[in-house]
Amino acid sequence: HQLRSLPDPTRVPAVQMAMKGFGILANQRGQGRPPDDRHPLTPTQLQGLCRAATRTSKNDYEARLFSAAFSLAFWGLMRGGELTAAHKRDKDNPCLRDSGVELRTIPAPTIRVTLQHSKASPARPVTFNIQDVVAPPESCPFETTRRFLEVRPKKLKPGLPFLVHEDGVPLTKFHLRAALE
């Protein structure tokens, strides 16, 4: 490529991310760590998680909160840190904000999500739609989010995280991880 005055193909962001991933894997093997054996969540497992949230949560509000969090993360391909606050007192965390979620019913059920910060795009906000999801009501992102909004406190200060407990305390990464275990 250099002889033909072409751009360096290793400078393409997708190639750089792949090279970084290969480096991480090689480093793990070199340190004697086992390979990452985690598997992606399936729609059937998501449905089970949402049902379990209903059975194991301390009240209906918490069940709706966790079902919405699981469903939004799964169907929106979001990381836990994009949805949740780092700490319960951390109200300035760049997680999903109440202003970053908009439910639309026309022409089809859609959730418009705006993330102020994302690992994929840390420098600018990212907006995307979650739509055309075929899922049972207990794991459908539109239904779980709509049901959560029915009980979410209305008198919260604007700009707070979207996923909050009944007392207005943000859902944290710790709470989300604990609910998954």
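Provided above is the structure to which this section pertains.
Residues numbered from 1 in each chain as written. Predicted model: local features only at pLDDT ≥ 70, side-chain atom pairs only at ≥ 80, totals over all residues. Heavy atoms only, no water.

Participant: Would you mind going over a nonpolar patch on the surface with me for this structure?
Facilitator: On the surface, a cluster of nonpolar side chains totalling about 230 Å² of accessible area is made up of Val12, Val15 and Met19. Counting through the fold element by element, Val12 comes out in the segment before helix H1 (13-30). (Patch = residues over 30% accessible without salt bridge, like charges linked within 9 Å, V, L, I, M, F, W, Y side chains within 5 Å. Areas by Shrake-Rupley, 256 points an atom, 1.4 Å probe, with all protein chains shown as cover. Salt bridge = Lys/Arg side-chain N within 4 Å of Asp/Glu carboxyl O. Helix = DSSP H or I, 4+ residues; strand = E, 2+ residues; numbered from the N terminus.)

Participant: Would you explain the side chain of Gln47 in this entry?
Facilitator: Structurally, Gln47 can be placed in helix H2 (residues 43-56). On the basis of relative accessibility, which here comes to 17%, the residue Gln47 falls in the buried class. Those residues in contact with Gln47, other than ones at most four positions away along the chain, are Pro136, Glu138 and Ser139. (Buried < 20%, exposed > 50% of the residue type's maximum accessible area, 1.4 Å probe, protein only. Contact = heavy atoms within 4.5 Å.)

Participant: What's the story with the pairing of strand E2 (residues 110-115) in this structure? I'm lost.
Facilitator: Side chains on a regular strand alternate between the two faces of the sheet. The pairing of strand E1 (residues 101-104) with E2 spans four bridges and is classified as antiparallel. Paired with Arg104 across the bridge in E2 is Thr110. In this structure, E2 lies alongside strand E3 (residues 126-131), joined through six bridges in antiparallel fashion. Directly across from Val113, in E3, lies its bridge partner Phe128. (Pairing = 2+ DSSP bridges.)

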